[in-house]
Amino acid sequence: MSESNKPLDVFWFIPVSGDGAYLGSDKGARPADFSYLKQIAQAADRLGFGGALIPVGSHCEDPWIVAAALASHTERLRFLAALRPGLATPTHFARQTAALDRISNGRFLVNVVAGGDPRELASEGIFLSHDDRYAHAAEFLTVYRRLLAGETVDYSGRYVQVKGARLLFPTVQPKLPIWFGGSSEPALDLAADQVDVYLTWGEPPAEVAEKIEAVRTRAAARGRTVKFGIRLHLIVRETEADAWAVADKLIANLSNEAIAAAQKKFAEDSDSVGQRRMTALHHSGRRDGLEIAPNLWAGIGLVRRGAGTALVGDPKTVAARLREYQALGIETVIASGYPHLEEAYKVGELLFPELGIGEANRFNHGTAPGEFGVGAFKPAIAAE
């Protein structure tokens, strides 16, 4: 089997800031209460998703606490929880990492997030410039990785100092991989130096290829190899027309004023190179011209910061587009869709067969596949 025909490892997303069927609208909004998040995690677990990303931010429930809670309600799903280095010491985070990996029986993963909105970071007590955040993250990871490897660490850097730091309880995984994303020069260097999986947002394939090559070349110069993943949204339906109708519906309640306000905020509040690249795809907030590459739609980024693109189409077409990214070196897709509960089923039942994610990997929790079909599924959303 060639590399481009191997099954992709597809992760889902836990919407710890809330969910809904429309972007930028209170219509149909769902709060991020735990009973709902548990439903999404359990659906992803039984459908055969390889893991689930849990983001970090002032608008989110704490990702590590959510991961710990969801671990006891799932069996196979891995939890990729965001870690912002400036929020605690590497010793503290290493201790929590080991605990979560043990609680989940080796299903915990870490996504390091060094960038962000300077105003939000200031509210967390982080007052570092863009490049200083990555320099701090490099020192943090140096200590953090050594602790997870079982070392007793003495370290004195510009940002991080520890003496006699160690873990008494090891992780279940012999080597817990570090995930990370960033588009700036310091971010690419950090990925090449210390990261196991480099994540890119869903840019057009040619731009993704450039980023992959930049990290791969820098890592090779350091005698290292790095794996690659992509973060984007998926809108999959049985026909192309149906999928594009869902995309149009997703932004149907957005006013031009809301779009302009969001685009202005992205431009003024963030010093993230990745966010600038995402915003540049959206044609200055215009609703037309949002298909920026075949089946790659930038409508989500009109009002959502971070990952702002979606692959839209029927199962065969979306699978083909994902294979194009896979041919560049992408091994993991971290996907999402609004609302996340129902869309997990759409992706699992329509797209997974086209990606070679077989029946043996899905519905294997003692339940017959037909019991969880899209037509039979009725979400038990708590009343709000």
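Residues numbered from 1 in each chain as written. Predicted model: local features only at pLDDT ≥ 70, side-chain atom pairs only at ≥ 80, totals over all residues. Heavy atoms only, no water.

J.: Is there a simple way to think about the packing of aromatic side chains in this case?
T.: Geometrically, a pair of aromatic rings is defined through the distance of the ring centres and the angle of the planes. With the rule as written, the count across this model stands at nine aromatic pairs. Considering the side-chain rings of Phe140 and Tyr144, the 5.6 Å spacing of their centres and the 25 degrees angle between planes classify their relative orientation as stacked. Here Phe140 pairs with Tyr144, and both are found in helix α5 (residues 130-148), just four residues apart, close to one helical turn. One exposure class covers both Phe140 and Tyr144, and it is buried. An aromatic cluster is defined as three or more aromatic residues linked by ring pairs; in this entry it consists of Trp64, Phe93, Phe108, Phe140 and Tyr144. (Phe/Tyr/Trp six-rings, centres within 6.5 Å; stacked < 30°, edge-to-face > 60°. Helix = DSSP H or I, 4+ residues; strand = E, 2+ residues; numbered from the N terminus. Buried < 20%, exposed > 50% of the residue type's maximum accessible area, 1.4 Å probe, protein only.)

J.: What is the right way to read the environment of Ala220 from this model?
T.: Positionally, Ala220 belongs in helix α7 (residues 205-221). Classification of Ala220 as exposed rests on a relative accessible area of 51%. Sequence separation of Ala220 and Asp193 is 27 residues, and the distance between their C-alpha atoms is 9.8 Å.

J.: So what exactly am I meant to see when it comes to the confidence of the model for the protein here?
T.: For the protein, mean pLDDT is 88; residues scoring 70 or higher make up 85% of the total. This model gives residues 363-384 a pLDDT under 50, and the stretch forms 36 contacts once residues within four places in sequence are excluded. (pLDDT = per-residue confidence, 0-100. Contact = heavy atoms within 4.5 Å.)

J.: When you look at unusual backbone geometry in this model, what are you seeing that I'm missing?
T.: Across the chain, the bulk of peptide bonds are trans and the bulk of non-glycine residues have phi less than zero. Cis geometry marks the peptide bond from Tyr338 to Pro339; its omega dihedral reads -10 degrees. Residues other than glycine seldom take positive phi values, yet Asn105 does so here, at roughly 60 degrees. Of note, Asn105 is situated in the loop between α3 (90-103) and β4 (108-112). Using a relative accessible area of 61% as the deciding quantity, one classes Asn105 as exposed. In the Ramachandran plot, Asn295 falls in the positive-phi region, its phi being about 70 degrees despite a non-glycine side chain. By the element assignment, Asn295 lies in the loop between β11 (291-293) and β12 (296-297). Note on Asn295: relative accessible area 7%, which makes it buried.

J.: Looking at this structure, how should I read helix α6 (residues 185-194)?
T.: For the α-helix, the turn length of 3.6 residues means that residues three or four positions removed from each other point alike. Those residues of α6 that fall on the buried side of the exposure criterion are Ala187, Leu188, Leu190, Ala191, Ala192 and Gln194. Where α6 is buried, its residues meet α5, β7 (178-181), β8 (197-201) and α7.

J.: When you look at the packing of α5 against α6 in this model, what are you seeing that I'm missing?
T.: Each pair of packed helices can be described by the angle between their axes along with the distance between the axes. Following both chains from N to C, one finds α5 and α6 inclined at 10 degrees, their axes separated by 9 Å at the closest point. Taken together, the axes of α5 and α6 lie roughly parallel to each other. Two secondary-structure elements touch here, α5 through Asp131, Tyr134, Ala137, Ala138, Leu141, Thr142 and Arg145 and α6 through Pro186, Ala187, Leu190 and Gln194. Of the residues that constitute the contact of α5 with α6, the class distribution is seven nonpolar, two polar and two charged. (Axes fitted to C-alpha atoms, helices over the stretch in contact; angles between N-to-C directions. Parallel < 35°, antiparallel > 145°, perpendicular 65-115°, else oblique. Nonpolar A, V, L, I, M, F, W, Y, C, P; charged D, E, K, R; others polar.)

J.: Explain the side chain of Thr332 to me, please; I cannot follow it from the model alone.
T.: Within the secondary structure, Thr332 sits in strand β14 (residues 330-334). Residue class for Thr332 comes out buried when judged on its relative accessible area of 7%. Leave out the neighbours within four places in its chain, and Thr332 touches Asp9, Phe11, Trp179, Phe228, Gly229 and Ile230.

J.: Please clarify how the packing of helix α1 (residues 34-47) against helix α2 (residues 63-71) should be interpreted in this entry.
T.: It is at 10 Å that the axes of α1 and α2 come closest, and there the two elements cross at 65 degrees. Crossing of α1 against α2: the hand is right-handed. Taken together, the residues of α2 that come into contact with α1 (itself represented by Phe34, Leu37, Lys38 and Ala41) are Val66, Ala69 and Leu70. (Left-handed = near helix turned anticlockwise from the far one by under 90°.)

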